Amino acid sequence: MKRKIESDNDIDDDIDDESFDFGECYAPSRTHKSIGKVSTPAPDQPWVEKYKPQSVNEIAINPTKLKQLRDKMNGMLQQGSPRILVVTGPSGCSKSTAVKLISEELSRGFVEYNELEDFNEFLNDCKYLIDKNERFVVVENLPNVFYSETLKRFRQAIENWLYIDQNLPPLVICISEFEKKFNENNHEFFNIENNFNINTIFGKNILFYRGIEVLKFNSIAKRFLTKPLKQIVGREKVFKNIRQNNINKFMDIIVEAGDIRLSINNLEMWSKFFSKGMDSTNDYKKDEAIDLFHAIGKIIYSSTDHRDLDKSEQLNNNINDILKKYENLQLLNLSILENYSNFINETDFETMEFISNKLSESELIYKFDEGKDVMIRSTRVGLDENLISNKKFNSITFTKNFNMLREANKVSRIIHQLKGSPNFQTSFNNINLIDGFYVPIIINKLQYKNYDRIGGKFKYLGDSLFEEEEPSQQLEFKIDIKDNADDDDELSDPLEDSDDDFDLTINDNERKPLPHESDYEFSDDSEFM
Amino acid sequence: MSLWVDKYRPKTLNKLSFHESITKNLGALASTGDFPHLLVYGPSGSGKKTRVYATLHELFGSQVEKLKIDVKTFTTSSNRKLEFNVLSSPYHLEITPSDMGNNDRVVIQDLLKDIASTEQVDFTSQQKGIKHRFKVVIINEADSLTRDAQAALRRTMEKYSSNIRLIMISNTTSNIIPPIKSRTLLVRIPAPSVSEISQILNNVATKENLKFSVNEESEKLKLFEKIAINSSQNLRKALLCFETVSMQNETIQLSTNLIDLDWEIIIKNISRLILTNQSVANLSKIRVIFYELLAHCIPARIILKTLLFDLLESCESNKIEDLVSIGSTFDNRLSLGSKSIFHLEGFAAKAMVALS
């Protein structure tokens, strides 16, 4: 711990002593810098470090986004609202650079969290950065949120920050979202391990609180990315010996990624190899991975790629592209099921029947290599001619499958617990289907209680919408049954509460962050708008 | 407090009320002091387990009712801890393989070996002159045993037959492999008839001193019959339903509406949606309801079956054939596939098209 804050006056001294770990822009190495000073680049520094933007205007980013960010941050400073701004987006899209440079422009700079510190302590110390010492608190490196205890503490710290009744410095959290291919063991679930995004990090609830706002960045569009790259080309001697069309050809490839850090790194490596006579142009193919909603969009709307080929070839190639770029087909299939019906006409039964039937058919052959893409292909084919005619934008929703599995897990846990008691000596299905409904009613009448169906009541009753959810009395019910069991039958061992040792496939922390519905935001250079 | 289902459960063979001949056979079996492995099957709520316990009572006396629950832990080869409940008395123990998931083979083999290695010591029934050298193992929901476990059981049954008697309880024999069927005595317990159920309900009503708005026997019988039919001859369901109905009022109105199961009502609503308003938007709505049902662990095949029968009840007669054929296709797919939501959706869509 380098940082000690004794009193307000001491802070200034501390800063001069480089006691604050001030952030560098997007360099991977850690250096200490004082606020606002322009460091003179050392000649052997990596280019990302050497050419990092020194002022807000140099940031490679969509100007409207930049203005949005500045307005938001200014608002935080002036009105103190929102208290927390979460900036998200793919890696290398200038999030943190923009946040840091703007914070220097608007205030006296920023304080950055170092992942080795305790997050709660850090935030506590930061509370004093107000009034004349006011500066932005930037959190770019999160504590180890993959460990559930840390995640819990992290969320708690954020909640406290939102609710504490005093003036606070503006807090900006930068998060690079990513999605990983599901591994064998947890392929069924959507959690922080495989989907690192604001929903899994903060959980569903926090994001709905007042005082927290989210600003989403997209990957950098080609036209903004090309400019700084060209500047580098102009300033580095090494490019003098390389033909312009070679450079252009290479630039076209690397800007595809939309990741400025990656692009500059690639440019540097390529130029070094090229000057030694090695043409490695084709080794720098862009990272082609696309995210779930992008993939769904491509399936529903098709893409304009391969337009020169004839119809069926085009269809085939488009699907191959998606298969190459998106790996988690199981999640994709579930999401298609959730969404396809929003994109066909109300009365278009033929398409509806075709797709739903194909979905069901292909679920059977999904396990085999030959059949894994059938679902995607048939959906595309089905929607190709019959996409909804009015151009109204339909939002894409996340599958409810994981919610369902979670609930089902909960219900089956409750029932398995009851099954141990002598009052429920019958099969699982009997308890769930018959006793689950009747027994609570009988007990309610006898003992003037108000218990729900075993496993919680149904949220949907036919065609009526969500019913107002009353606080469930499930837990008490369980205990009650146990008590009865003991009264009736003194021979039965008291049942232990096996809440803890039941094998849960999802643990508590992974439970919350399921996004119900995520609206899909198209990226700047979307191909299918 | 005890539910009527438990309160009026017959404990001994001579108190059993229906299926006289089966009861007589079981009595004869018990009187010899020994019996072969049994496979008791029949629809749920027909009194399989009640009969098994009554038989055990006949064999061992009231000791079999002194049940205790043990939580056994078992470590699988992949080092996962598995916990399951074993209900036991001095003479028998009861397991449910579905608690054990895919490891049922190892667990059951292990458990049976454990029991078989110690010979049963029987002091209490010595005065009767019969010694029980075996312990009874009841396997509930035997149809949910994996093939693997069943194959392993068949060997175990022969090897330890001197120390263990198995009683397997199952809803159907179709999932049980022939070698096991041939090594067991099959006992089929059919569902009680409507009149048998109403007779039982009548007995319960008399014992509970229930008041009815009309005191005429034949009128009461009509209510009991209604309940029996509504519960599709499942005695457990009928008794629970009757108890629920009788709880509603001090005196039971004979014209009272029966209380249907919540999930059945939901499925009825789905069928109404499919019948009256075929549209793509409704399909999305139905999907949400399917998810809700699955989230409550309602088995997908039961959803499909109930939905199909609901549809058949109120559709035009010329559509019946189509619907049944669609239903059978998707029922097959449900058992082949793993994500049932796809197939339920497929069925709903096809049914809509067929009805439109």
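What you see is a predicted model; the values in this text were computed from it and never measured. (Residues numbered from 1 in each chain as written. Chains lettered and ligands numbered in written order. Predicted model: local features only at pLDDT ≥ 70, side-chain atom pairs only at ≥ 80, totals over all residues. Heavy atoms only, no water.)

Structural notes on the overall build of chain B
Rules: Runs of E in the DSSP output that reach at least two residues are strands. Runs of H or I that reach at least four are helices, and both are numbered from the N terminus. The buried label applies to any residue whose accessible area, calculated with a 1.4 Å probe on protein chains only, is under 20% of its type's maximum; exposed applies above 50%, and partly exposed to all values in between. What makes two residues a contact is simply this: any of their non-hydrogen atoms within 4.5 Å.
A count of helices and strands for chain B gives 14 helices and nine strands. By the burial criterion, 56% of the 356 residues in chain B qualify as buried. Contacts in chain B between residues far apart in sequence, at least 24 positions, make up 72% of those at least 6 positions apart.

Some remarks on the environment of Asp-131 of chain A
All names here are of chain A. Note that Asp-131 resides in the loop between helix H5 (119-126) and strand E3 (136-139). Overall, the relative accessible area of 61% leaves Asp-131 in the exposed class. In this structure the C-alpha to C-alpha distance between Asp-131 and Asn-167, which are 36 residues apart in sequence, comes to 8.7 Å.

Here we look at helix H4 (residues 104-116) of chain B
Residue and element names in this part refer to chain B. Quick note on the threshold: To estimate how far a helix should reach, multiply one less than its number of residues by 1.5 Å. An arc is given here, and it is the one of the directions from the helix axis to the C-beta atoms.
The first and last C-alpha atoms of H4 sit 18 Å apart over 13 residues, in line with the 18 Å expected at 1.5 Å per residue. Among the residues of H4, those classed as buried are Asp-104, Val-107, Ile-108, Leu-111, Leu-112, Ile-115 and Ala-116. Seen along its axis, H4 keeps its buried residues to an arc of 150°; they face one direction. Residues of H4 that are exposed and point over 90 degrees away from its buried face: Lys-113 and Asp-114. Each element contacted by the buried residues of H4 is listed here: strand E2 (68-75), strand E3 (81-88), strand E4 (92-95), strand E5 (135-139), helix H5 (147-159) and strand E6 (164-170).

Observations concerning the pattern of salt bridges
Rules: In what follows, salt bridge is the name for a side-chain nitrogen of Lys or Arg lying within 4 Å of a carboxyl oxygen of Asp or Glu.
Enumeration according to the criterion identifies 30 salt bridges over all chains in this entry. The salt bridge partner of Lys-358 of chain A is Glu-361 of chain A, with a shortest N-O separation of 3.6 Å. Of this pair, Lys-358 of chain A and Glu-361 of chain A both sit in helix H14 (residues 349-365), three residues apart, roughly one helical turn. Of the residues examined, Lys-358 of chain A reaches a relative accessible area of 26% and is grouped as partly exposed. Residue classification places Glu-361 of chain A among the partly exposed positions, given a relative accessible area of 31%. Ionic pairing is found between Glu-158 of chain B and Arg-183 of chain B, a salt bridge with its closest N-O pair at 3.0 Å. Of this pair, Glu-158 of chain B sits in helix H5 while Arg-183 of chain B sits in helix H6 (residues 178-183), and the two are 25 residues apart along the sequence. Linked through salt bridges whose partners overlap, the residues forming this network are Glu-338 and Lys-400 of chain A together with Arg-287 and Glu-345 of chain B.

Here's the deal with the interface of chain B and chain A
Going by this rule: We define a polar contact as two N or O atoms separated by no more than 3.5 Å, with the added condition that, inside protein, one atom must be a possible hydrogen donor and the other a possible acceptor, whereas residues neighbouring each other in sequence contribute only through side-chain atom pairs.
Taken together, the 73 residues of chain B in the interface contact 76 residues of chain A. Where chain B meets chain A, there are four salt bridges. Our count for the chain B to chain A interface comes out at 20 residue pairs in polar contact (both at pLDDT 80 or more). Ranked by residue count, the leading element in the side of chain B that touches chain A is helix H11 (residues 280-295) of chain B, at 12 residues.

So, the side chain of Asn-140 of chain B
All names here are of chain B. Its place among the elements puts Asn-140 in the loop between E5 and H5. Polar contacts involving the side chain of Asn-140 include one to the side chain of Glu-94, which spans 2.7 Å. Every residue in contact with Asn-140, bar those within four places of it in the chain, is listed here: Lys-49, Glu-94, Ile-95, Thr-96, Pro-97 and Ile-169.

A short note on a nonpolar patch on the surface
Our working definition: Here the term patch refers to residues with relative accessible area over 30% and no salt bridge, with like charges joined within 9 Å and nonpolar side chains (Val, Leu, Ile, Met, Phe, Trp, Tyr) within 5 Å. Computed with the Shrake-Rupley method and a 1.4 Å probe, the accessible areas treat only the protein chains shown as cover for residues.
A cluster of nonpolar side chains, Met-269, Phe-273 and Met-278 of chain A, forms an exposed patch at the surface whose accessible area comes to about 250 Å². Note that Met-269 of chain A resides in helix H10 (residues 260-275).

Overview of the confidence of the model for chain A
Residue and element names in this part refer to chain A. This is how it is decided: pLDDT runs from 0 to 100 and stands for how confident the predictor is about each residue.
Summary statistics for chain A give a mean pLDDT of 71 and a share of 70% for residues scoring 70 or more. Ignoring residues within four places in sequence, the model shows residues 1-39, a span with pLDDT below 50, making 77 contacts including any to other chains. The low-confidence segment residues 462-529 (pLDDT under 50) makes 144 contacts with residues lying over four places distant or belonging to another chain.

Overview of the sheet that holds E3 of chain A
Residue and element names in this part refer to chain A. Test applied: Two strands make a pair as long as DSSP finds a minimum of two bridges between them. Only the stretch in contact is used when fitting a helix axis, every axis being a line fitted to C-alpha atoms; angles between N-to-C directions are given from 0 to 180 degrees.
Strand order across the open sheet formed by five strands is E2-E3-E4-E1-E7, with parallel pairing between neighbours. One side of each edge strand has no neighbouring strand; the edge strands of this open sheet are strand E2 (110-112) and strand E7 (212-216). If you compare each strand with its neighbour and ignore which way they point, the axes differ by 25° on average. For E3 and strand E4 (residues 171-176), the ladder comprises three bridges, and the chain directions are parallel. Looking at the pairing, Val-139 lines up with Ile-173 of E4.

Structural notes on the packing of helix H13 (residues 329-339) of chain A against helix H14 (residues 340-355) of chain B
We count it as follows: For classification purposes, angles smaller than 35 degrees are called roughly parallel, those larger than 145 roughly antiparallel, those between 65 and 115 roughly perpendicular, and all remaining angles oblique. Left-handed describes a crossing whose near helix is turned anticlockwise from the far helix through less than a right angle; right-handed describes the clockwise counterpart. Following the grouping adopted for this structure description, the nonpolar residues are Ala, Val, Leu, Ile, Met, Phe, Trp, Tyr, Cys and Pro, the charged ones are Asp, Glu, Lys and Arg, and the polar ones are all others, Gly among them.
For the pair H13 of chain A and H14 of chain B, interaxial distance at closest approach is 11 Å and the crossing angle is 30°. Relative to H14 of chain B, the element H13 of chain A is oriented roughly parallel. Crossing of H13 of chain A over H14 of chain B shows left-handed handedness. Of H14 of chain B, the residues touching H13 of chain A (which contributes Asn-333, Leu-334 and Leu-337 of chain A) are Ile-341, Phe-342 and Glu-345 of chain B. Considering only residue class, the contact of H13 of chain A with H14 of chain B consists of four nonpolar, one polar and one charged.

Thoughts on the side chain of Thr-244 of chain B
In this structure, Thr-244 of chain B sits in helix H9 (residues 235-248). Separated by 2.6 Å, the side chain of Thr-244 of chain B and the backbone oxygen of Leu-240 of chain B make a polar contact. The contacts of Thr-244 of chain B, once residues within four sequence positions are left out, are Tyr-438, Ile-441 and Ile-442 of chain A together with Ile-259 of chain B.

Re the packing of aromatic side chains
Stated formally: For Phe, Tyr and Trp, rings pair up if their centres lie within 6.5 Å, where Trp contributes its six-membered ring, and each pair is then called stacked (planes under 30 degrees apart), edge-to-face (over 60) or tilted (otherwise). Whether a charge lies above a ring is judged from NZ of Lys or CZ of Arg, which has to be within 6 Å of the ring centre and within 35 degrees of the ring normal.
Inspection of the entire model under this criterion finds 15 aromatic pairs over all chains. Note on Tyr-113 of chain A and Phe-119 of chain A: the rings are 5.1 Å apart at their centroids and 85° apart in plane angle, and the pair reads as edge-to-face. A residue is classified by how much of its surface remains accessible, and Tyr-113 of chain A, at 1% relative accessible area, is buried. The ring of Phe-134 of chain B has Arg-165 of chain B sitting right over it, with the charged end atom 4.6 Å from the ring centre.

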